[in-house]
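Fold and geometry: a report
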Amino acid sequence: MKSRYSRWVQEHEVPVFCTDWWLDAVCGADNWDVAGYRNADGLEVYWPFHFKRKWGMKVIVMPKLTQKLDIQWNDHAWKDGGAAVVHDVMNHLLNQMPSVHFIDQAMQLPPTYAMSLLEQGFTETLCYTYVIPDLSDLDDVLSKFSKSKRKDVRKGENLFEVRYDMLPSEWYDFHQMALMKQGKQISYSRDFFEQVAAAALQRNAGRIMCVVDTVGQIHSALFMVWDQSRAYLLLSSYDPDFKTSRSFPFLLSRAIEEASKHTKMFDFEGSMIQGVEAENRQYGSEQQTYSVLSKCCSIPSHLRANWMRLKQVIWSVPLLLPSFIGLGVVI
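Not measured: the values here are computed from a predicted model.

In this section: helix H1 (residues 2-11). Note that an α-helix has 3.6 residues per turn; residues three or four places apart therefore point the same way. Among all positions in H1, only Tyr5, Ser6, Trp8 and Val9 are buried. All buried residues of H1 fall inside an arc of 165 degrees around its axis, so they share one side. Exposed residues pointing more than 90 degrees away from the buried face of H1 are listed as Arg7, Gln10 and Glu11. In this fold, the buried residues of H1 make contact with helix H2 (20-27), strand S1 (32-38), strand S2 (44-54) and strand S4 (72-73).

Structure follows, in structure tokens:
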């Protein structure tokens, strides 16, 4: 099925995260597969997925640096098909999935498809991302930045130079250093990032950019990838020693300009953190939703899910105690 899907990807427009080369890079060639459906009328539907061992169990989960891994199809009429048709197709795909303990995959599905999975025992968690929906008029895009961000962009024009050729190894060193200064650790390996970045750069499907000052010091950097529909800001970082230089809005404006040469919209990637949402809003972005669809497929996975929920309750008790005490005082 993978070879058939790889041929199909070459002939159809699919999100970058669903291409075979991206999945090879982020999962490893032997750690992803595809469930597929074809009928006599030429309808083709594919469900790519990443599998690994986690918590001692075989699971289907999202690869790193991958926002969504959507079901793909070639017949737009099926998108509006009846519930019965959708249900049959989804059942066919689910029957091809390997035996796993747990499934947790982010998708952007029409309601009929999501409902079909919910009927199969999946649960849905709503997630958010933030996008600039139209890059065709860059002056209009910049005009929607907040006043302070526009000021930072103008300031950056006189202070910094943009580099569009930052090497993957250079990015990794910079990001690792920036995180260490904040008492944090990098969450991905050098080999992993260099493999992913090389795959995108070789296909002109991504860029690693940074801004440097007059003596060549890097203040901030980012890594983005794109397909024909949108660019995705996958990683960004700044040197805490230069936090007051406020270089990132200038870098981001140039990244959006670069993205506009290749695609139609710019995706800041999602976050449920309120402060991140507020920051993304200052660039004139709009909120969009997508779903994480999950299913516990075995008793061990159900037990682990229940244990994780119990731990959340236990951890929340110290936070709730002051409120209860406060209520007692008021009463």
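So, about the pattern of salt bridges. Under the defined criterion, the tally for this structure stands at 12 salt bridges. Linking Asp152 and Arg246 is a salt bridge whose minimum nitrogen-to-oxygen distance equals 2.8 Å. Pair noted here: Asp152 is in helix H7 (residues 147-159) and Arg246 is in the loop between strand S10 (230-238) and helix H10 (248-260), with a separation of 94 residues, a long-range link. Note that Arg207 and Glu258 form a salt bridge whose closest N and O atoms lie 2.7 Å from each other. Here Arg207 is found in strand S8 (residues 206-212), whereas its partner Glu258 is found in helix H10, with 51 residues between them in sequence. One exposure class covers both Arg207 and Glu258, and it is buried. Put simply, Arg163, Asp165 and Glu170 are held in one network by salt bridges that share partners.

Another point: the layout of surface pockets. Put simply, the largest pocket is a space of about 1300 Å³. The wall of the largest pocket is formed by 36 residues, among which Leu235, Ser236, Ser237, Tyr238 and Phe248 lie closest to the centre. Elements represented by at least two residues in the lining of the largest pocket include exactly helix H8 (168-181), S10, H10 and helix H11 (274-281). Looking at the lining of the largest pocket element by element, the count peaks at 6 residues for S10.

Our focus in this paragraph is the pairing of strand S3 (residues 57-60). Remark: a regular strand shows side chains that alternate across the two faces of the sheet. In this sheet, S3 lies alongside S2 in antiparallel orientation, the contact comprising 4 bridges. Note on S3: the bridge partner recorded for Phe51 is Ile60. Where S2 folds back on S3, the antiparallel hairpin that results is connected by 2 residues, among which Trp55 adopts a positive phi of roughly 60 degrees. With 2 bridges connecting them, S3 and strand S5 (residues 102-107) associate as parallel partners. Each residue of the ladder has a partner; that of Ile60, found in S5, is Ile103.

Below, the discussion takes up the environment of Val16. Among the structural elements, Val16 can be located in the loop between H1 and H2. Dropping the residues within four chain positions of it, Val16 is found in contact with Trp21, Trp22, Val225, Trp226, Asp227 and Tyr232.

Burial of nonpolar side chains together is a common tendency in soluble globular proteins. Counting 42 residues, the largest nonpolar core has Trp22, Phe193, Phe223, Val225 and Leu234 as its most contacted members. For this core, the secondary-structure elements that each account for two or more residues are H1, H2, S1, H8, helix H9 (190-202), S8, strand S9 (218-226) and S10. If near-sequence neighbours (up to four positions away) are discounted, Leu234 is found in contact with Phe17, Trp22, Leu65, Phe223, Met224, Val225 and Glu269.

Quick look at the packing of aromatic side chains now. This structure, assessed with the given rule, holds 17 aromatic pairs. With a centroid separation of 6.3 Å and 70 degrees between ring planes, the pair formed by Tyr5 and Trp32 is classed as edge-to-face. Note that Tyr5 is positioned in helix H1 and Trp32 in strand S1, a separation of 27 residues in sequence. The same class applies to Tyr5 as to Trp32, namely buried. One aromatic cluster is present, formed by Trp171, Tyr172, Tyr188, Phe193 and Phe223 through successive ring pairs. Here the basic side chain of Lys2 rests over the ring of Trp32, its NZ or CZ set 4.4 Å away from the ring centre. For the cation-ring pair, Lys68 lies above Tyr290, with the distance from its terminal atom to the ring centre recorded as 5.3 Å.

Here we take up the side chain of Glu269. Note on placement: Glu269 falls in the loop between strand S11 (265-267) and H11. For Glu269, the side chain forms a polar contact with the side chain of Gln67, separated by 3.0 Å. Residues contacting Glu269, with those up to four places away along its chain left out, are Phe17, Gln67, Thr129, Tyr130, Tyr232, Leu233, Leu234 and Asn280.

Strand direction decides the pairing type here: S5 and strand S12 (residues 286-296), joined by 6 bridges, are antiparallel. For Phe102, the partnering residue across the bridge sits in S12 and is Cys296. Summarising the sheet, strand S6 (residues 123-132) and S12 pair through 9 bridges and their orientation is antiparallel. Considered in S12, the bridge of Thr125 is made with Val292.

What counts, and where the lines are drawn
Residues numbered from 1 in each chain as written. Predicted model: local features only at pLDDT ≥ 70, side-chain atom pairs only at ≥ 80, totals over all residues. Heavy atoms only, no water. Buried < 20%, exposed > 50% of the residue type's maximum accessible area, 1.4 Å probe, protein only. Helix = DSSP H or I, 4+ residues; strand = E, 2+ residues; numbered from the N terminus. Arc of directions from axis to C-beta. Contact = heavy atoms within 4.5 Å. Salt bridge = Lys/Arg side-chain N within 4 Å of Asp/Glu carboxyl O. 1 Å grid on protein atoms, 1.4 Å probe; cavity = no way out; pocket = protein on both sides within 12 Å on 5 of 7 lines; lining within 4 Å. Points joined across faces, edges and corners; volume = space filled by probe spheres on them. Pairing = 2+ DSSP bridges. Core = buried A, V, L, I, M, F, W, Y, C linked by side-chain atoms within 4.5 Å. Phe/Tyr/Trp six-rings, centres within 6.5 Å; stacked < 30°, edge-to-face > 60°. Lys NZ or Arg CZ within 6 Å of the ring centre and 35° of its normal. Polar contact = N/O pair within 3.5 Å; in protein donor to acceptor, adjacent residues only side chain to side chain.

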